[in-house]
Structure formats: structure tokens, C-alpha cells
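Spelled out, the chains give:
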Amino acid sequence: MNSDLVLVLDAAAFAADKHRRQRRKDAEATPYINHPLSLATILAREGGVDDARVIAAALLHDTVEDTETTPDELEARFGAEVAGIVAEVTDDKSLSKAERKQLQVARAAHKSTGAKLVKLADKIANLRDIAASPPADWDQARKAEYVHWADKVVAGLRGANPALEAAFDAAAAAIV
Ligand code: NDP
Ligand code: ZN
């Protein structure tokens, strides 16, 4: 049995189940699971990341923030390291949107390497979605505002993975 493969497949199946009723914000309302799968693919293919715990955390990265999943549930099933990375990339939903966005900028540089990699992949995936299949009601100014905020978050992540940082820059340049 390849335990890395089992971890990654179990995380994909768990995330697919937790997000099963959710859709992305694009006009086609793409199934939500496509987004965590994009992060995992970006990390493995473009970032050369081969740590299964980071790939599993990428697959699970929005489960606590956007579904009923608890941190304890993740720790029991996937271990403390995967659960810890997910916790690091989970916004505190008791705060306002503006506070959450500001905290992402302020805290980016202080995160673990695993969390930085997942955050980089998240921002790359979202910028590519904004270019190819944006939220239905976003005009160019709203897209540009998102890119400028994402760029401030990524400033704190730089040094973690140059290939992913270059992919982020290319995705940003395609929008603004
Ligand atoms: P967000 O900026 O939070 O929406 C972007 C998020 O939606 C992404 O980070 C991503 O998060 C998720 N998402 C889902 N589908 C897509 C997709 N197809 N493409 C890209 N991202 C997608 O928007 P909110 O509406 O929640 O508003 C938050 C902030 O935006 C407010 O604080 C306000 O400051 C600002 N705002 C600006 C406006 C303007 O016109 N300039 C108008 C309204 C709000 P994930 O990866 O976590 O799923
Ligand atoms: Zn995400």
C-alpha cells in the first residue's frame, strides 16, 4: 500500500463529499471540488511539490472555512500536520471581510512553508479563474482590485517556491 497515495485520494474524496452541494461563483456554477483539485495539480505539476501532506492540505483547504468540517475532524482523519496547514489557511469567519483580507496580508510571511505553498496555489487558481471564468457579476475594476490584494498577500509568501511565484505573476499580468 502506498500511504501517500492513500492520503491524497482520501483527502480528495473527503473534500468532494464536504463540498458536494457547493458551486464556484462563475457563470456556469462549476462544482466546487474543481477548485481544490486545481490547487493540488498546480502544486504537483508546476511547483514540483511532492509532499503528500501538502497536497492533501490543498485538497482540504476550504473545508473548514466553507463547510461544516471541524479542525478536530481533519486531525483525526488526516493527522496533525495536514490539519495544521489547513488551519493556517483558514480565515476567521467571525471577522469582517475587510479584516480577513487585511489579516491575510499581515500574516502571510509568518506562515509555515506548507501553508505558504497552499496559499500560493490558491491565489494562482483564483487569478486563473478570474481570467477564464470569473464571478458572473465582476467588472474589470473588481478583477483588478482582487489582483492587487492577492499581490499583497503573495508578497509575504515569496521565497517559498519561485516557480509558483512566477506562475502567480503571469496570471496577474493576464488580468491587469
Ligand atoms: P471575494 O473577493 O472574497 O471573492 C473572491 C473569492 O471567491 C476568491 O478568493 C475565491 O475564494 C472565491 N471564488 C469562487 N468562485 C470564483 C471564481 N470563479 N473566480 C475567482 N474566485 C472565486 O468577494 P466577496 O464578494 O466575498 O467580497 C469580499 C470583498 O470584496 C469585500 O470585503 C469588499 O471589500 C470587496 N468588494 C468590492 C467590490 C467592488 O466592486 N470593488 C464590490 C463588493 C465587494 P476561495 O478560493 O476561498 O473559494
Ligand atoms: Zn480556495
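Rules used throughout
- Within any chain, residue numbers begin from 1 and follow the written order of that chain's sequence.
- Chain letters start at A and ligand numbers start at 1, both assigned in the order the entries are written.
- For a predicted model such as this one, the threshold for reporting local features is a pLDDT of at least 70, and the threshold for listing and counting side-chain atom pairs is 80 or more; totals across whole chains, interfaces and linings nevertheless cover every residue.
- The basis for the side-chain values is all heavy atoms of the structure; hydrogens and waters are excluded.
- Patches here: salt-bridge-free residues with over 30% relative accessible area, like charges joined within 9 Å, nonpolar side chains (Val, Leu, Ile, Met, Phe, Trp, Tyr) joined within 5 Å.
- With residues, only the protein chains shown are counted as cover, and all accessible areas are computed by Shrake-Rupley using a 1.4 Å probe.
- The working definition used for a salt bridge is a side-chain nitrogen of Lys or Arg within 4 Å of a carboxyl oxygen of Asp or Glu.
- In this tally, Lys and Arg are treated as positive and Asp and Glu as negative; His is ignored, and so are the chain termini.
- A charge is said to be at NZ when it belongs to Lys, at CZ for Arg, at CG for Asp and at CD for Glu.
- Strands here mean DSSP runs of E at least two residues long; helices mean DSSP runs of H or I at least four residues long; both are numbered from the N terminus.
- Buried means the residue's accessible area, taken with a 1.4 Å probe over protein chains only, is under 20% of the maximum for its type, while exposed means over 50%, and partly exposed covers the values in between.
- For Na, K and Ca the donor cut-off is 3.2 Å; for every other metal, N, O and S atoms count as donors within 2.8 Å. Water does not enter the count, which can leave sites looking incomplete.
- Only protein atoms enter the 1 Å grid, on which a cavity is a set of points fitting a 1.4 Å probe that cannot get out and a pocket is an open set with protein on both sides within 12 Å along at least 5 of 7 lines, lining residues being those with an atom within 4 Å of a point.
- Grid points are joined across faces, edges and corners, and a volume is the space filled by probe spheres set on the points.
- Think of it as three bins: nonpolar holds Ala, Val, Leu, Ile, Met, Phe, Trp, Tyr, Cys and Pro, charged holds Asp, Glu, Lys and Arg, and polar takes everything else, Gly as well.

Draft legend 1. Examining a positive patch on the surface more closely. A grouping of Lys 25, Lys 97, Lys 101 and Arg 142 is seen on the molecular surface, where their side chains present a positively charged patch. Inspection of the secondary structure assignment puts Lys 101 in helix α7 (residues 97–107). Residue class for Lys 101 comes out partly exposed when judged on its relative accessible area of 32%.

Draft legend 2. Broad picture of the coordination of the zinc ion (ligand 2). Looking at the zinc ion (ligand 2), one finds its protein donor set to be His 35 (NE2), His 61 (NE2), Asp 62 (OD) and Asp 122 (OD), positioned 2.1 to 2.6 Å from the metal centre. Taken in sequence order, the residues that donate to the zinc ion (ligand 2) follow the motif H-x25-H-D-x59-D. Taken together, the positions of Asp 62 in the loop between α3 (52–59) and α4 (63–66) and Asp 122 in helix α8 (residues 113–132) put the pair 60 residues apart, joining distant regions of the chain. Across the pair, exposure class does not vary: Asp 62 and Asp 122 are buried alike.

Draft legend 3. Representation of unusual backbone geometry. Here Ala 29, not a glycine, exhibits a phi torsion of approximately 50°, which is positive. Structurally, Ala 29 is set in the loop between α1 (3–18) and α2 (34–46). By relative accessible area, which is 32% here, Ala 29 ends up partly exposed.

Draft legend 4. Broad picture of the layout of surface pockets. In this model, the largest pocket occupies a volume close to 890 Å³. The wall of the largest pocket is formed by 32 residues, among which Lys 25, Glu 65, Lys 101, Asn 126 and Tyr 146 lie closest to the centre. Contributions of two or more residues to the lining of the largest pocket are made by α4, α7, α8 and α9 (140–155). Across the lining of the largest pocket, the residue classes tally to seven nonpolar, six polar and 19 charged. There is about 170 Å³ of room inside the second largest pocket. Sort the elements by how many residues they give to the lining of the second largest pocket and α7 lands first, with four residues.

Draft legend 5. Quick peek at the pattern of salt bridges. A complete count under the given rule lists 11 salt bridges for this structure. Notably, a salt bridge pairs Arg 77 with Asp 10, separated by 2.7 Å at the nearest N-O pair. One end of the pair, Arg 77, is in helix α5 (residues 71–78); the other, Asp 10, is in helix α1, with 67 residues separating them in the sequence. Given a relative accessible area of 25%, Asp 10 falls into the partly exposed group. For the salt bridge of Arg 53 with Asp 51, the shortest nitrogen-to-oxygen distance reads 3.1 Å.

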